[in-house]
Each structure stands twice: as structure tokens, then as C-alpha cells.
Amino acid sequence: MSLSARLWEANADIVAEVLDNAFVRGIADGSLERNLFAGYVAQDAFFLESFARAYASALVRSPDTASLLTFADLLAGVREELGLHASYAAQWDIDMAGVQPAAATLAYTEFLLATASTAGLGVICAAMTPCMRLYAHIGSTLDADAAGPYAQWVQTYADPGFDEVATLLERLLDQHGQDTPAVRAAYRRAMRLELEFFTAAYRG
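Reference entry: report on the structure contained in this document. Remember, predicted model here, so these are calculated numbers, not experimental data.

Attention shifts here to the overall build of the chain. A tally of helices and strands in the chain yields ten helices and zero strands. Each helix and strand of the chain, ordered N terminal to C terminal, gives the series α-α-α-α-α-α-α-α-α-α. In terms of overall dimensions, the chain has C-alpha extents of about 45 × 35 × 30 Å along its principal axes. Relative to its 204 residues, the chain shows a buried fraction of 48%. Partitioning the contacts of the chain with sequence separation of at least 6, the portion at a separation of at least 24 is 82%. Accessible surface, the chain as shown: approximately 9,300 Å² in total, 53% of it carbon and sulfur.

Dropping the structure here:
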């Protein structure tokens, strides 16, 4: 079993908590209040800018051309995702200017940026992989054919193309990471921060 698969399996408890989270369940059945989704989109856009910076740090630390180019592709993917958030902002009349990050958002972004600036490449990949794999898992688990106000969101992360992007990052983790306490701690910390991000979004 690959390192990324072992880490995902070791955090199955948090994955289950995420799928049972009130925010995710509200997305799934369409019952989530509109203002809570709007707040989430604004916070997630703020988060994605830090995620992009972490990718950039990983790109700089890449020891080979193939890894460098893969991180460049992943960084371009964040730009596309930010474009999706901009379209949500236009459709839902969400004010994206001057977003004040919530405590859960800051905890996550500060963790990512600190890891990206101080840790080795394997640990950086471990800190970033849970976001991608968890969203791909949420998308594939929820009903991609369901109608409702959040159908586009579900379909975005259920798309096989998004799963392929998550797999790219997992391959980098397998290549550059080792099964060490630091890697395991970074992966689990990111998983826990993802759960806290959804919980904070539901609380508004």
C-alpha cells in the first residue's frame, strides 16, 4: 500500500466526521442556508490563496524537473478553482472584497504557510494532500446527479478530473514523503483543520 493510501486509511475517522458534518449534509440535500454557503465561499477563496502560495513553495523546493512541472500544473489548478469561486460570487451576490478570515480559516492557512516555509517537501505534500483528496471524496460520495442550489459545487468535486488532480498530489507525496511521525502529524492536522473549517462555516 502506498504512503498516501496508508495515511488516508489512518484518518478514516475524520473522513467519517466530515461526511456527517452539518455543513456537508446541508450541501448534499440542499438545505444549507444561503448565507452560510456565501460565507463559506468567501472564506474558501481566502484559504485558496494560501494554498497557492504553499504550492509555489513546494515548486521551488522540487528536486527534479518532473516534480517542478507537476507542482506548476497544480498551482494552475488553484487559479481555475478561484475562478469558480468568482462565478459563485457573481451568481450569489457574494462580496469577496475585504474578506475577514475566520479563526478556523486562519488556523488552516497559518499551518499551511508555516509548513511550506519550514518543512521538507514530503511534509509539505502531507499537509496539502488532505484538502484535495477529501474534496474529491466528498464529491464522489454525494449524489452528483442531485438537483438543488449546490448541485454545481457537488459536480465540480465529483468530476473525474478533480480526482485526477488529487491523485497527482498523492503521487508527489508518495515520491517525496516517508512514513515518519512528522508526515503523519501534518496529514492528520490538515484533516482535522478541514473538519474545523466546515464546522465554522456552518456556524457562520
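For the rest of this paragraph, the subject is the side chain of Glu170. Here Glu170 shows up in helix α9 (residues 160–176). Each residue touching Glu170, except ones within four places of it in the same chain, is listed here: Ser4, Thr129 and Arg133.

A word on the side chain of Glu81. Considering the arrangement of structural elements, one finds Glu81 in helix α5 (residues 65–92). This buried residue, Glu81, is left without a salt bridge; Arg79 holds the nearest opposite charge, at 13 Å. Of note is the side chain of Glu81, whose polar atom sits 2.6 Å from the side chain of Tyr157. When neighbours within four sequence positions are excluded, Glu81 is seen to be in contact with Asp44, Leu48, Tyr157 and Phe162.

A separate point is the packing of helix α1 (residues 3–10) against α9. The relative placement of two packed helices comes down to the angle between their axes together with the axis-to-axis distance. Remark: α1 packs on α9, axes separated minimally by 8 Å, with the N-to-C direction vectors making an angle of 110°. For the element pair α1 / α9, the angle class is roughly perpendicular. Residue-level inspection shows Leu3, Ser4 and Leu7 of α1 in contact with α9, the latter providing Glu170, Leu173 and Asp174.

What follows concerns the packing of aromatic side chains. This structure, assessed with the given rule, holds 17 aromatic pairs. Ring geometry for Phe23 against Tyr40: centres 4.9 Å apart, planes inclined by 45°, an arrangement best described as tilted. Note that Phe23 is positioned in helix α3 (residues 22–29) and Tyr40 in helix α4 (residues 34–61), a separation of 17 residues in sequence. By relative accessible area, which is 0% here, Phe23 ends up buried. Seen from their ring centres, Phe37 and Tyr40 are 6.0 Å apart, and the 35° between their planes marks the pair as tilted.

This next bit is on the environment of Asp64. Relative to the helices and strands, Asp64 resides in the loop between α4 and α5. You can call Asp64 partly exposed: its relative accessible area is 27%. With near-sequence residues (within four places) excluded, Asp64 lies in contact with Gln175 and His176. For Asp64, the side chain forms a polar contact with the side chain of Gln175, separated by 3.3 Å.

The topology assignment puts Thr70 in helix α5. C-alpha separation for the pair Thr70 and Val165, spaced 95 residues apart in sequence, amounts to 9.8 Å. In contact with Thr70, other than residues within four places in its own chain, are Leu168 and Leu172. Polar contacts involving the side chain of Thr70 include one to the main-chain carbonyl oxygen of Ala66, which spans 2.9 Å.

Our next topic: the pattern of salt bridges. Counted according to the given criterion, the structure contains seven salt bridges. The partner of Arg25 in a salt bridge is Asp20, and the shortest N-O contact between them spans 3.6 Å. Owing to a relative accessible area of 52%, Asp20 belongs among the exposed residues under this scheme. Between Asp179 and Arg184 there is a salt bridge; the shortest N-O distance is 2.6 Å. A single network of salt bridges, built from pairs that share partners, joins Arg6, Asp179 and Arg184.

Definitions and limits used
- Residues numbered from 1 in each chain as written.
- Predicted model: local features only at pLDDT ≥ 70, side-chain atom pairs only at ≥ 80, totals over all residues.
- Heavy atoms only, no water.
- Helix = DSSP H or I, 4+ residues; strand = E, 2+ residues; numbered from the N terminus.
- Buried < 20%, exposed > 50% of the residue type's maximum accessible area, 1.4 Å probe, protein only.
- Contact = heavy atoms within 4.5 Å.
- Areas by Shrake-Rupley, 256 points an atom, 1.4 Å probe, with all protein chains shown as cover.
- Lys, Arg positive; Asp, Glu negative; His and termini not counted.
- Salt bridge = Lys/Arg side-chain N within 4 Å of Asp/Glu carboxyl O.
- Polar contact = N/O pair within 3.5 Å; in protein donor to acceptor, adjacent residues only side chain to side chain.
- Axes fitted to C-alpha atoms, helices over the stretch in contact; angles between N-to-C directions.
- Parallel < 35°, antiparallel > 145°, perpendicular 65-115°, else oblique.
- Phe/Tyr/Trp six-rings, centres within 6.5 Å; stacked < 30°, edge-to-face > 60°.

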